[in-house]
Amino acid sequence: MTSQTDLAALLCSRLCHDMLSPVGALSNGLELLSDEDDPEMRQRCIELLEQSAKISTDKLKFFRLAFGAAGGFGEAVPVEEAKAVISALASDAKRVELNWAIGDDSLPKPAIKVLLNLSQIALEALVRGGTLDLGAERRDGNVEIVARATGDRIAFDETVGAALQGELPAHEISSRTAAAHMIALVARELGGGLQYKLTEGALVLGAVIPEPEGMIG
């Protein structure tokens, strides 16, 4: 079993990897701006800096909600917060149509974390764009979550799927699969589970997350 220390290190590696590109673009843009005298090129540099700053901010907001533990795991989180960060990532990804089917105003924090991470996995699978459908529903003391990515090409590493389902050996867990492993642990600790189905044109990710005691109803 992967230790908590190893999992934390793998997650940190993943977050640093995801932040490297937009932060590196900021650094490069500032360097170009300092050496550029042409007004049109300076304006172009400023636009690229603004774009990189937005992507960096969007990612940090997502990471805070998807991986942070502020307030503990028993707290409800407004669904609008999750919608905002996922919508921002979808906008940054370009060519992705996002559809929602969530009726509740808030969901337990574990369910929100699972929803966010499944959304990110589904977005990453849409390498040529497509549609991302997200849904969540309370039923019989559980929160049922689904993320469905459809597009011309679905790029999905099935080791991530194995990690989601708790089937990936501990020695094979990497920074790429750490987030999937984390939410699998969250689901298992609550008595729930995750699953996936991959076809030629679609990836469906599902979860059943029991509501923490005291939050049902």
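Everything that follows concerns the structure shown earlier in this document.
Owing to the predicted nature of the structure, the values given are computational and were not obtained by experimental measurement. (Residues numbered from 1 in each chain as written. Predicted model: local features only at pLDDT ≥ 70, side-chain atom pairs only at ≥ 80, totals over all residues. Heavy atoms only, no water.)

(A) Focus on the nonpolar core. One finds Leu116, Leu118, Ile145, Leu194 and Leu205 to be the most contacted residues of the largest nonpolar core, which totals 60 residues. Broken down by element, this core gets its largest block of residues, ten residues, from helix H4 (residues 109-125). Setting aside anything within four residues of it in sequence, one finds Leu116 in contact with Phe62, Leu65, Ala66, Ala82, Val85 and Ile86. (Core = buried A, V, L, I, M, F, W, Y, C linked by side-chain atoms within 4.5 Å. Buried < 20%, exposed > 50% of the residue type's maximum accessible area, 1.4 Å probe, protein only. Helix = DSSP H or I, 4+ residues; strand = E, 2+ residues; numbered from the N terminus. Contact = heavy atoms within 4.5 Å.)

(B) How the structure looks around the environment of Tyr196. Secondary-structure assignment places Tyr196 in strand S6 (residues 193-198). In this structure the C-alpha to C-alpha distance between Tyr196 and Ala101, which are 95 residues apart in sequence, comes to 19 Å. Every residue in contact with Tyr196, bar those within four places of it in the chain, is listed here: Phe156, Glu158, Gly161, Ala162, Gln165, Leu203, Val204 and Leu205. A polar contact of 2.7 Å, which involves the side chain of Tyr196, links it to the side chain of Glu158. (Polar contact = N/O pair within 3.5 Å; in protein donor to acceptor, adjacent residues only side chain to side chain.)

(C) Main features of the pattern of salt bridges. What the rule picks out here adds up to eleven salt bridges. Among the salt bridges present, the one from Asp104 reaches Arg138, with a minimum N-O distance of 3.2 Å. Taken together, the residues Asp104 in the loop between strand S2 (96-102) and strand S3 (106-108) and Arg138 in strand S4 (residues 130-139) connect sequence positions 34 residues apart. Overall, the relative accessible area of 25% leaves Asp104 in the partly exposed class. (Salt bridge = Lys/Arg side-chain N within 4 Å of Asp/Glu carboxyl O.)

(D) Quick peek at the sheet that holds S4. Spatially, the five strands line up as an open sheet ordered S2-S4-S5-S7-S6, and their pairing is mixed. Across the chains shown, the open sheet's two edge strands, defined by having one partner strand only, are S2 and S6. Going across the sheet, the axis of each strand differs from the next one's by a mean of 10 degrees, ignoring polarity. Alignment of S2 against S4, held across seven bridges, turns out to be parallel. Paired with Glu97 across the two strands is Thr131, which belongs to S4. Relative to strand S7 (residues 202-210), H4 is tilted by about 170 degrees, and along the sheet it contacts S2, S4, strand S5 (142-150), S6 and S7. (Pairing = 2+ DSSP bridges. Axes fitted to C-alpha atoms, helices over the stretch in contact; angles between N-to-C directions.)

(E) Main features of the packing of aromatic side chains. Overall, the coordinates contain three aromatic pairs when judged by the stated rule. Ring plane angle 70 degrees and centroid distance 6.1 Å describe the contact between Phe62 and Phe63, whose orientation is recorded as edge-to-face. Summarising the burial analysis for this pair, Phe62 and Phe63 share the class buried. Note on Phe156 and Tyr196: the rings are 5.3 Å apart at their centroids and 55 degrees apart in plane angle, and the pair reads as tilted. With Phe156 in the loop between S5 and helix H5 (158-164) and Tyr196 in strand S6, this pair connects stretches of sequence that are 40 residues apart. Take Phe156 and Tyr196: they sit in the same class, and that class is buried. Counting every residue linked through ring pairs, the aromatic cluster contains Phe62, Phe63 and Phe67. (Phe/Tyr/Trp six-rings, centres within 6.5 Å; stacked < 30°, edge-to-face > 60°.)

These results come straight from atomic positions and should not be treated as a statement about function.
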